[in-house]
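Geometric and topological summary
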Amino acid sequence: RRGELDAEEDQPDAEPEADDAPPKRRRAPLREGPRGLRVGDVLLHGAGELWLAGALELDEEGFVARLFPTPGGTAAGWVAQLDDEASDLATLEETDEVPDGAVPEALPVAGRRVRLERRGHATVTRSGEHLPRTEASCRYTILSDAGGKVLVVVDFDTAPRIALVGDRVARQDRKSVV
């Protein structure tokens with residue numbers, strides 16, 4: 001897939017029916033589920049590329065988030081898609097700044113104070129590669145501040161906690177190249 005993240009324009013067929021007839025237009029196939037990023041996409045971010053090798057999709061009677069590991073990425077270890085249209089993205093790194101136990105409603109992390117944005121219980125769907133050990137369901141907490149700092153915490157019953165901190169990415173600062 002090349003172009004902007006949500007570019008799904010009509011495309012002309014290769015051969016028109018007659019010389020004087022305008023070319024037929026066909027619609028790009030509709031995708032089931034949320035739009036946005038997919039495993040295998042490559043994002044240009046800053047001076048580097050981020051390959052989305054795998055995905056953990058969190059669903060709580062609807063889309064919650066997708067977390068993509070980006071192995072070899074110099075700008076971030078993870079990318080989070082925080083809405084179903086991929087207009088809210090964040091580049092993240094693993095953190096150990098989250099205390100054990102329940103995640104509080106406010107927390108100092110990476111020199112900033114983040115506050116509860118949303119939390120709940122979700123089912124986890126795995127796809128792709130380079131994924132940590134997980135379970136079929138989780139508890140998630142997303143905290144943020146007005147300046148764009150984001151903390152995503154995913155807790156499982158027996159699998160290790162996933163705690164990621166980073167910054168929201170402005171739409172003009174990212175492009176999908178594959």
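This one's a predicted model, so the numbers in the text were calculated from it and none came from an experiment.

A separate point is the overall build of the protein. Regarding its fold elements, the protein presents zero helices and 14 strands. Counting from the amino terminus, the protein carries its helices and strands in the arrangement β-β-β-β-β-β-β-β-β-β-β-β-β-β. Relative to its full complement of 178 residues, the protein shows a buried share of 42%. For the protein, restricting intrachain contacts to residue pairs at least 6 apart in sequence, the fraction spanning at least 24 positions comes to 52%.

The final tally for this structure, using the stated rule, is eight salt bridges. When the shortest N-O distance is used, the salt bridge between D145 and R112 registers 2.8 Å. Taken together, the positions of D145 in the loop between β11 (137–144) and β12 (149–155) and R112 in strand β10 (residues 112–128) put the pair 33 residues apart, joining distant regions of the chain. Overall, R112 belongs to the partly exposed group, its relative accessible area being 30%.

A few words on the nonpolar core. Among the nonpolar cores identified, the biggest contains 23 residues, and L58, L67, L82, L92, V152 and V154 are the most heavily contacted of them. Of all the secondary structure elements, the ones that give two or more residues to this core are β5 (54–59), β6 (63–69), β7 (78–81), β8 (89–94), β10, β11, β12 and β13 (162–169).

The subject of this paragraph is unusual backbone geometry. Positive phi values are uncommon outside glycine, yet A86 reaches one of about 60 degrees. Inspection of the secondary structure puts A86 in the loop between β7 and β8. Note on A86: relative accessible area 1%, which makes it buried.

Right, let's get into the side chain of T91. Here T91 shows up in strand β8. Setting aside anything within four residues of it in sequence, one finds T91 in contact with H45, L50, A76, W78, V165, G166, D167 and V169.

Along any regular strand, the residues point their side chains to alternate faces of the sheet. Most of β13 sits out of view: six of its eight residues are buried. Where β12 and β13 come together, six bridges link them in antiparallel fashion. Residue pairing across strands places L151 opposite V165, the latter belonging to β13. Where β12 folds back onto β13 in an antiparallel hairpin, the turn is made up of six residues.

With respect to the helices, strands and loops of the structure, A170 is situated in the loop between β13 and β14 (174–176). On the accessibility criterion, A170 (30% relative accessible area) is partly exposed. Sequence separation of A170 and L89 is 81 residues, and the distance between their C-alpha atoms is 7.9 Å.

Per-chain confidence: the protein averages 82 in pLDDT, with 76% of residues scoring 70 or above. Here residues 24–33 is modelled with pLDDT under 50, and outside its nearest four sequence neighbours on either side it reaches 19 contacts, counting other chains as well.

Here is what the cut-offs are and how they apply
- Residues numbered from 1 in each chain as written.
- Predicted model: local features only at pLDDT ≥ 70, side-chain atom pairs only at ≥ 80, totals over all residues.
- Heavy atoms only, no water.
- Helix = DSSP H or I, 4+ residues; strand = E, 2+ residues; numbered from the N terminus.
- Buried < 20%, exposed > 50% of the residue type's maximum accessible area, 1.4 Å probe, protein only.
- Contact = heavy atoms within 4.5 Å.
- Salt bridge = Lys/Arg side-chain N within 4 Å of Asp/Glu carboxyl O.
- Core = buried A, V, L, I, M, F, W, Y, C linked by side-chain atoms within 4.5 Å.
- Pairing = 2+ DSSP bridges.
- pLDDT = per-residue confidence, 0-100.

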